[in-house]
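Residue strings, one per chain:
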Amino acid sequence: MTGTMKLTTTAAIAAFFFFANHVGETEATSIKMDYLPAAFARTDPIISQTCLSDHVHTFYGPQEVRPEVDHATLINSPDNINTGNVVENKSLYWHPTVYSYNRQTQTFTRDEMAQSSAYYIWENDVNTKAFPNGFKMIAGLNPNAPNNFPNAEAECVDPTPCTRSDGCYTENTFFPPTACSELEVSMSFPTCWDGVSLDSTDHQSHVRYTLDGALDGPCPGSHPVRLPQIQLFFRIMPYSGGWHTFSDMSSVFHADYISGWDANKLQSVLDNCRTDSFAASPDSFCEQFLTFRDGPKCTDESICDFGDPLLLAKLQAFQPPPLDVENIVSPEETAVVRELPRGTCTGTLIPLENVPSRAPSAPLPTRAPTVPSPTTSPEPDEDEEDETDTGDEDSDADESDGDEASDGDEPDEDEDEPDEDGDEPEDEDGPEDVDEPDEDEGSDGDEPDDESDEDGDEPDDEDEPDEDEDEPEDEDEPDEDEDEPEGEDEPEEEEDRSVSQAAVACEVSCWDGFHTCEAAIDSICGPYYENCKQECFESEATGDIAESELSACLDEWCMDDKELCYDEAASRCRTTRRDCIGFC
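Residues numbered from 1 in each chain as written. Predicted model: local features only at pLDDT ≥ 70, side-chain atom pairs only at ≥ 80, totals over all residues. Heavy atoms only, no water.

**Looking at the environment of Val252**
Residue position: Val252 is located in the loop between strand 15 (244–246) and strand 16 (255–258). Residues Val252 and Thr173, 79 residues apart in the sequence, show an inter-C-alpha distance of 8.8 Å. Excluding its chain neighbours within four sequence positions, the residues that come into contact with Val252 are Gly140, Leu141, Pro143 and Phe246. (Helix = DSSP H or I, 4+ residues; strand = E, 2+ residues; numbered from the N terminus. Contact = heavy atoms within 4.5 Å.)

Structure below.
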C-alpha cells in the first residue's frame, strides 16, 4: 500500500478493474490526451453552420469555434492555438457548458473546468479504421434509446456536505447535490461506422455502439467498420454541489466531435502502437508515435499516481492567449448571466468578414514553453552579441524593414524590375531618402537610391549594385551585414532595441512560467502527502496493515512518495524553464 492509491482517479480505478476482468480475452490499446477549454461560445459547427446555436458550448482543441469550422479549418490551424497536448490531434470536441445556479441572486455562473481528457481506445488486430478526413458525430443525445450506450456519468470524488450559502436544492438529476473535491464527468462515443458517411442527417445514424455496448462487442451488420472509441472526460474541482445544470437546462450529457486528424497519421498509430490498455488508462500515451507538448509523460505510479502531479500546471504552460469570443464569434455574455443564452439562430453572429485577424504581427510571449524570443542563455555577454547578429537576421526575416531586406535580397536578383519585395516597406522611407541619399538610413533608402541611381554616393550599400547588377545581390546579403553598421546605424539600433526588448520579455515569461510551476508543487505534493497519511490511518483501522506497520507507512512510504513528488515536480519545472529559454 502506498500513498498513490488515494489520488487514483475514477478513470484509473475503472481501467484497472475493467482490464482485470478482460485479462486473456482481448488485447487493446488506449491513448490519453489532455486539454483545457479552447473557448465558451454559443456555436455548434455540426448543427448550425450559418448562425448561433441553441445553447452555449465548451470547446476543446484548436481555438476554431465559429459555425463554419470544418476538417480543413482544423487540420490547417496553427499548432499554437490548440489547447490539447498532442500536436497531431487537431480535432474539436465540445459539450454543453456547465453552469452553477444561485437561487439567491438568480444568476447562472459558468463553472471553471480543470483538465479534460479524450481517451482513444481500440482493439488490437481487428482492423480498426481511423476517422476519415471530414468525419463528425454527436453522441449521448438519446441515452435511453435502444442500442445506445453512452454510459454518461458524473462521479463525485471525496464527497463532502454541500455548504453553499444559497442552499443545496437542485432540479438537475445528472449533477450531484453534494460537494466533491473533484467531479469527473465522462461518456463514450460510438465505435461502429457504416463505412461510407462522414455525417448523417441527425449526425448520429452513421455510427452505432456495439450490440452489447462493450468495446469488444459485435458491431451491427449495418455498421461493420470499427473506429477507435473516444471516451471524453471533463473535471470540475472543487465542485460545490447544489444546483448545477448544462447550458440547455437538461440533465443529459451529450458531446460533439469533428475529426482534426490526418487520417493516414492516425491510421499509422492505430496499426502500430500497443499499450495493453483496454480502458481509459491514465498512464497510456503511445508517446513514441505522437508528439506530446507536455512530454515526456509520467507513467511511474509511485510518483505520478497514474498521471502527472503537475499535469494542470504543464497544460496551462503552453495554452494560447484566451480567445476573444466577443469580437470573433458573438458579443453576448456567457460567463455570468441572469438567463442562459438560448435559441437556434437567435442573437448576433459577427460576420466572418468583420472578424479581426487573430494572428499577431510578431511572436507574442504567452507562457513559458511557447514564448518565442531571441535568447536568454546563462552567458548574457555572448548572448548580447548574438542578439545583435541574430537580430539582424531575425529582423531580416521577421520585421518589416529587415524582412524586405532579406526577402528582397533574393528577389533582388529580379529587382531590376521594381525591387518589389524589398521596396514596399523601404519605399515608405525611400521617398524621403531619395532626395537625401547620403543623410538618411542606408537600408531604407538604398532601394529608392537604387532607383534614383544615386547609389554611387553610397557604395557601402550593396542594394545599390542591385540596380547595377542583380547577381552581386547574393553577396549583398552578407555585405549588407558588414556594411550596414557603417551606413545604417539608426535602423539597426532600432532593430537591436526591438530584439533586446523581445529578449527581456521572453526571459520574464520563462521565469514567470517557472515560478508558476514551482508554486503549484506545494498545492499538489502537499495534499498528496496528507492523503497518503490519511490512508495509512484508515488502513490500520480496517486491519489492512498491522499496527506495527503504521509507523513505516507514515515515515517511509508516505515520506518517500512525498520526496519523490517534490523532486520530480521541481525537476520538471526546471526542465520546462530550460526548454522555454532554449526555444527562445
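Additional details are given in the paragraphs that follow.
**Some thoughts on the pairing of strand 5 (residues 98–102)**
In terms of burial, strand 5 is a largely internal element, five of the five residues being buried. Because side chains alternate across strand 5, one face comprises the buried residues Val98, Ser100 and Asn102, and the other comprises Tyr99 and Tyr101, equally buried. Summarising the sheet, strand 5 and strand 15 pair through three bridges and their orientation is antiparallel. Looking at strand 15, one finds that Val98 is bridged to Phe246. Here strand 5 pairs with strand 6 (residues 107–110) via four bridges, running antiparallel. (Buried < 20%, exposed > 50% of the residue type's maximum accessible area, 1.4 Å probe, protein only. Pairing = 2+ DSSP bridges.)

**Remarks on the nonpolar core**
Core analysis: the largest hydrophobic core is formed by 47 residues, its most contacted members being Tyr93, Tyr120, Phe131, Phe234 and Tyr257. Secondary structure elements with two or more residues in this core: strand 1 (28–35), strand 7 (116–123), strand 8 (136–139), strand 10 (179–188), strand 14 (229–236), strand 16 and helix 3 (263–272). Counting 18 residues, the second-largest nonpolar core is a separate cluster that includes Ala38, Ile46, Ile138 and Ile258. (Core = buried A, V, L, I, M, F, W, Y, C linked by side-chain atoms within 4.5 Å.)

**Description of the pattern of salt bridges**
Taken as a whole and assessed by the stated rule, the structure comprises 11 salt bridges. In this structure, Asp54 engages Arg342 in a salt bridge whose closest nitrogen and oxygen atoms are separated by 2.8 Å. One end of the pair, Asp54, is in the loop between strand 2 (37–41) and strand 3 (57–60); the other, Arg342, is in the loop between strand 17 (336–337) and helix 7 (380–398), and 288 residues separate them in sequence. Here Arg342 falls in the partly exposed class, since its relative accessible area comes to 36%. The salt bridge partner of Glu68 is Arg66, with a shortest N-O separation of 2.9 Å. Relative accessible area serves as the criterion here: at 8%, Arg66 is assigned to the buried category. (Salt bridge = Lys/Arg side-chain N within 4 Å of Asp/Glu carboxyl O.)

**Focus: the sheet that holds strand 11 (residues 192–193)**
Hydrogen bonds between backbone atoms are what pair the strands of a sheet, whose relative direction is either parallel or antiparallel. The sheet built from three strands is open, its strands ordered 12-11-13 with antiparallel pairing. Because the sheet does not close on itself, it has two edges, and the strands there are strand 12 (207–208) and strand 13 (225–226). Bridging between strand 11 and strand 13 involves two bridges; their strand directions are antiparallel. When the sheet's bridge partners are listed, Cys192 is paired in strand 13 with Arg226.

**Here's the deal with a negative patch on the surface**
A grouping of Asp555, Glu556, Asp560, Glu563 and Asp567 is seen on the molecular surface, where their side chains present a negatively charged patch. As for its placement among the helices and strands, Glu563 is situated in helix 14 (residues 547–583). Classification of Glu563 by relative accessible area gives partly exposed; the value is 44%. (Patch = residues over 30% accessible without salt bridge, like charges linked within 9 Å, V, L, I, M, F, W, Y side chains within 5 Å. Areas by Shrake-Rupley, 256 points an atom, 1.4 Å probe, with all protein chains shown as cover. Lys, Arg positive; Asp, Glu negative; His and termini not counted. Charge placed at Lys NZ, Arg CZ, Asp CG, Glu CD.)

**Some details on the state of the cysteines**
Within the structure shown, the criterion is met by six disulfides. Note on cysteine connectivity: Cys51 is disulfide-linked to Cys345, with sulfurs 1.8 Å apart. Between Cys51 and Cys345 the disulfide shows an S-S torsion of about -40°. By sign, it is left-handed. In this pair, Cys51 sits in the loop between strand 2 and strand 3 while Cys345 sits in the loop between strand 17 and helix 7, placing the two residues 294 residues apart along the sequence. Accessibility expressed as a relative area gives 11% for Cys51, which makes it buried. For Cys345, a relative accessible area of 48% gives the class partly exposed. The disulfide that involves Cys273 links it to Cys286, with 1.8 Å between the sulfurs. Here the disulfide of Cys273 and Cys286 is left-handed, its torsion about the S-S bond being about -100°. (Disulfide = S-S within 2.5 Å.)

**Some details on the side chain of Ser330**
In this fold, Ser330 is placed in the loop between helix 6 (325–328) and strand 17. When its relative accessible area of 4% is taken as the criterion, Ser330 is described as buried. Among the polar contacts listed, one links the side chain of Ser330 to the backbone oxygen of Thr348, at a separation of 2.7 Å. Not counting residues within four places of it along the chain, the set of residues in contact with Ser330 comprises Leu52, Val325, Thr348 and Ile350. (Polar contact = N/O pair within 3.5 Å; in protein donor to acceptor, adjacent residues only side chain to side chain.)

**Points about helix 3**
Given 3.6 residues to a turn, an α-helix orients residues that are three or four positions apart in the same direction. For helix 3, the set of buried residues is Ala263, Leu266, Gln267, Val269 and Leu270. The arc that holds every buried residue of helix 3, seen down its axis, measures 160°, which confines them to one face. In this structure, the buried side of helix 3 is in contact with strand 1 and strand 7. At the N-terminal end of helix 3, a side-chain oxygen is found 2.9 Å from the backbone nitrogen of Asn264, two or three residues along, and the residue is Asp262. (Arc of directions from axis to C-beta.)

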